[in-house]
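Okay, here's what each chain looks like letter by letter:
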Amino acid sequence: HLQSIGDHLYVFGTEPAVFDVDPVNTSLTTLSLPALESLGGPIWIHDNHVLSGIDLSSLVSVHHLWIETNPMLASLLLPVLSNVSESGFGGELIVSASSLTTILLPELESVGSLHVFDNGVLKELVAPNLALIGSTAYIYRNDVLEAFDLSSLETFGGELDFLTHI
């Protein structure tokens, strides 16, 4: 029933190397926070080797969202996420998971920077309402990307790198 978190949410399968500790969450298969609407800080879901499902179906806004190195994650659907920003400034949306085939962001309207990379089997990246990218968009090493819909993009404030094959 958790609807709000005042600061950050970190879900690490292994701690980042700077902490030099043993793995944590080695058996986490599903992260389910279906009522969570907002956070006062970032979400970082990192290096969970058996995580295959994420339910953030009520998440409307977040400062930063980093989903990285979760090799069993096959799809990412954030059905009501509308903005990724920090105090009115651009936040980062970073997605990198080697088994990810689908990223659906149907209500996303604005993001500071968008980084979608190293998703070797990603077939679709769909954000049809995304009107604003504040600084950068890096879409690379997504070798089988077939559907890429940012058709509502009106304002782009920086650099775009789009590379599907190296």
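Student: I tried to follow the overall build of the protein chain on my own but got confused; where do I start?
Tutor: A tally of regular secondary structure across the protein chain gives zero helices and 19 strands. Looking at the protein chain alone, contacts between residues at least 24 apart form 34% of all its contacts between residues at least 6 apart. Within the structure as shown, the protein chain displays about 8,000 Å² of accessible surface, and the carbon and sulfur contribution to it stands at 54%.

Student: So what exactly am I meant to see when it comes to the pattern of salt bridges here?
Tutor: Oppositely charged side chains may form a pair once their charged atoms are brought near each other. Evaluation of the coordinates by the stated rule reveals one salt bridge. Among the ionic pairs, R141 bridges to D118, the shortest N-O distance being 2.4 Å. Separated by 23 residues along the polypeptide, R141 in the loop between β16 (132-140) and β17 (147-149) and D118 in the loop between β14 (110-117) and β15 (124-126) bring together distant segments of the chain. Residue class for R141 comes out partly exposed when judged on its relative accessible area of 32%. The class of D118 is partly exposed, set by a relative accessible area of 29%.

Student: Even after reading the chapter, I still don't get the sheet that holds strand β9 (residues 75-77), so can you show me in this structure?
Tutor: Backbone hydrogen bonds hold the strands of a sheet together, and the pairing may be parallel or antiparallel. What the four strands build is an open sheet, ordered β9-β13-β15-β17; its pairing is parallel. Because the sheet does not close on itself, it has two edges, and the strands there are β9 and β17. The sheet shows a mean angle of 5° between the axes of neighbouring strands, taken without regard to direction.

Student: Just checking my understanding: could you explain the packing of aromatic side chains for this structure?
Tutor: In this description, a pair of aromatic rings is defined by centroid distance and the angle of the planes. Under the definition given, this model contains five aromatic pairs. A centroid spacing of 5.4 Å and a plane angle of 15° characterise the contact between Y10 and F12, whose relative ring orientation is stacked. For Y10, a relative accessible area of 41% gives the class partly exposed. Relative to W44, the ring of Y10 has its centre 5.9 Å away and its plane inclined at 85°; by these criteria the two rings are edge-to-face. Taken together, the residues Y10 in strand β2 (residues 9-12) and W44 in strand β5 (residues 43-46) connect sequence positions 34 residues apart. Since its relative accessible area comes to 22%, W44 is described here as partly exposed. An aromatic cluster is present here, built from Y10, F12, W44 and W66 joined pairwise through their rings.

Student: Looking at this structure, how should I read the nonpolar core?
Tutor: Buried together is how nonpolar side chains tend to be arranged in soluble globular proteins. Of all hydrophobic cores here, the largest spans 40 residues; its most connected members are I43, L93 and I103. When contributions to this core are tallied by element, the ones reaching two or more residues are β2, β5, β8 (65-68), β12 (92-96), β14 and β16. Those residues within four positions of L93 in sequence are excluded, and the remaining contacts are L65, V84, L105, L108, V111, S113, L114 and H115.

Parameters and conventions
- Residues numbered from 1 in each chain as written.
- Predicted model: local features only at pLDDT ≥ 70, side-chain atom pairs only at ≥ 80, totals over all residues.
- Heavy atoms only, no water.
- Helix = DSSP H or I, 4+ residues; strand = E, 2+ residues; numbered from the N terminus.
- Contact = heavy atoms within 4.5 Å.
- Areas by Shrake-Rupley, 256 points an atom, 1.4 Å probe, with all protein chains shown as cover.
- Salt bridge = Lys/Arg side-chain N within 4 Å of Asp/Glu carboxyl O.
- Buried < 20%, exposed > 50% of the residue type's maximum accessible area, 1.4 Å probe, protein only.
- Pairing = 2+ DSSP bridges.
- Axes fitted to C-alpha atoms, helices over the stretch in contact; angles between N-to-C directions.
- Phe/Tyr/Trp six-rings, centres within 6.5 Å; stacked < 30°, edge-to-face > 60°.
- Core = buried A, V, L, I, M, F, W, Y, C linked by side-chain atoms within 4.5 Å.

Bear in mind that shape data such as this cannot, by itself, settle questions of function.
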